[in-house]
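Here's the letter readout for the chains.
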Amino acid sequence: MNGFTGRRLTAAALTVVALAAGTTACSSGGSSSAKGEDNSTYTIWDPYPQFTKGSAWAKLLDSCGSKAGVKVKRTAFDTSDLTNKVLLAAQQDNSPDVLIVDNPVVSTLAEAGVLTTTDDNKLDTSKADPNLLAAGQSGGKTYGTPIGANTLALYYNKAVLKAAGVDVASITDWKSLTAALDKVKKAGKKGITFSAIGTEEGSFQFLPWFWGSGAKLTELDSAQGESALALWSDWLKKDYAPNSVINNTQTTSWQEFATGDYAFAENGTWQLANAEKAGFDYGVLPVPAANGGNAAAPTGGEFVTVPVQGDTGRYTTAQKLVTCLTSTENLYATDTTLSYVAPTAEVQDKQVAADAELKPWVEAVKAARGRTSDDLGTKYPKISEQMWKAVQSALSGAKSPKDALSAAQDAVK
């Protein structure tokens, strides 16, 4: 197989790390065989088993196949299973023609030699926002194109803030946010809930504050990083945030906010439907940076990629399929279905025109950053693990923020 036969998958590729942040679903059935029975059948693997045969997504795949003059054979996997399946298929020279995969996994698959670059497959990524595209870049090369993005922001309960005398427009940085939490507590309500669990979800939720301090993932124990962890630790000490955040997933954190007792909840675009059902007026505020402006939140969402094939002649049709799936018209429909913000300004504008409440989410996505950006690639999982351990240690009171992050940085080294 050109570019892959005879290679062994890297150790990083063989380590499966749960990096999903966003929707979860149960696995659907389907053949594990990637190749179709003839050259007119092209295989697509995706992490959307919630969209069954007959869904708008499945129909879109068939439509793109028809436009390219081929038949599409689609297999859907649970996100947590997909990376393993792809690595196994690559070992067997049986990769799908098109692969849609969680963005932090792209660098792992790229390092393993599983994916083609845009130089190889001729994908045009010029319309994608550079900060979103960066999640699929490694070593100066690009390995796909984003299909959409979700990220984090602060949901707020309008009634709770009004009763506490807080004007949300006054919240522009950490100092003003903490002052708002103090007013909420004095008014007899609860401040803010988030997820600080000892998994990737905990790191995902901590990153806006870490990046918002000006810290870098290559230096976990910087003074800036310490200030971010001290912020969270102080919130727990002052009862602005509940101790339950240490074990909260993003789902259980949302359930706390949905009680109507909390002023704020850090959560993502995937909760929009639940927010509409909450029974109270809410708003959305981008996570503020330490000294003002919007903090960079991490991007969730998937990339559409073209795996390495023995028959390189298949890339031309695979490129047509990806181009169809990520066209302006199809991105709008797909990202609406997935509760994603589109990866291009053109479609983002269309989304906001259709629903003005998406504006703060578009702003948050424009400020967002890929977890594997800055050429971290497969280094990110190890950094993230030490980050969430440091957060757990500090919030539980086992170590000071400074000592927790120092230990984390030592472990990364």
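The rules behind these values
Residues numbered from 1 in each chain as written. Predicted model: local features only at pLDDT ≥ 70, side-chain atom pairs only at ≥ 80, totals over all residues. Heavy atoms only, no water. Core = buried A, V, L, I, M, F, W, Y, C linked by side-chain atoms within 4.5 Å. Buried < 20%, exposed > 50% of the residue type's maximum accessible area, 1.4 Å probe, protein only. Helix = DSSP H or I, 4+ residues; strand = E, 2+ residues; numbered from the N terminus. Contact = heavy atoms within 4.5 Å. Expected span 1.5 Å × (residues − 1). Arc of directions from axis to C-beta. pLDDT = per-residue confidence, 0-100. Salt bridge = Lys/Arg side-chain N within 4 Å of Asp/Glu carboxyl O.

(A) Fine view of the nonpolar core. In terms of nonpolar packing, the biggest core is built from 52 residues, with F194, W209, F210, L217, W232, W235 and F264 touching the most fellow members. Put simply, the parts of the chain that give this core at least two residues each are β7 (152–157), α7 (158–163), α8 (174–186), α9 (200–212), α10 (223–237), β9 (262–268), α17 (380–395) and α18 (401–412). C64, V304, L325 and L338 belong to the second-largest nonpolar core, a separate cluster that totals 29 residues.

(B) Region of the structure containing the environment of L207. Relative to the assigned elements, L207 resides in helix α9. Put simply, L207 and T269 are 62 residues apart on the chain and 16 Å apart in space, counted from C-alpha to C-alpha. Once residues lying within four places of it in the same chain are set aside, the contact partners of L207 are G212, L217, A296, P298, R371, Y380 and M387.

(C) Here's a closer look at α18. Its 12 residues place the ends of α18 17 Å apart at the C-alpha level, agreeing with the 16 Å of an ideal helix rising 1.5 Å per residue. Among all positions of α18, only P401, A404, L405, A408 and Q409 are buried. When α18 is viewed along its axis, its buried side chains cluster within an angular range of 130 degrees and face the same direction. Lining the buried residues of α18 we find α10 and α17.

(D) Layout of the confidence of the model for the protein chain. In this model, the protein chain carries a mean pLDDT of 89, and residues with pLDDT of at least 70 account for 91%. Ignoring residues within four places in sequence, the model shows residues 1–34, a span with pLDDT below 50, making 78 contacts including any to other chains.

(E) Seen up close, the pattern of salt bridges. The tally for this structure, following the rule as stated, stands at seven salt bridges. D261 serves as the salt-bridge partner of K189, at 3.9 Å between the closest nitrogen and oxygen. Taken together, the residues K189 in the loop between α8 and β8 (190–193) and D261 in the loop between α11 (250–257) and β9 connect sequence positions 72 residues apart. Looking at K189, the relative accessible area reads 35%, which means it is partly exposed.

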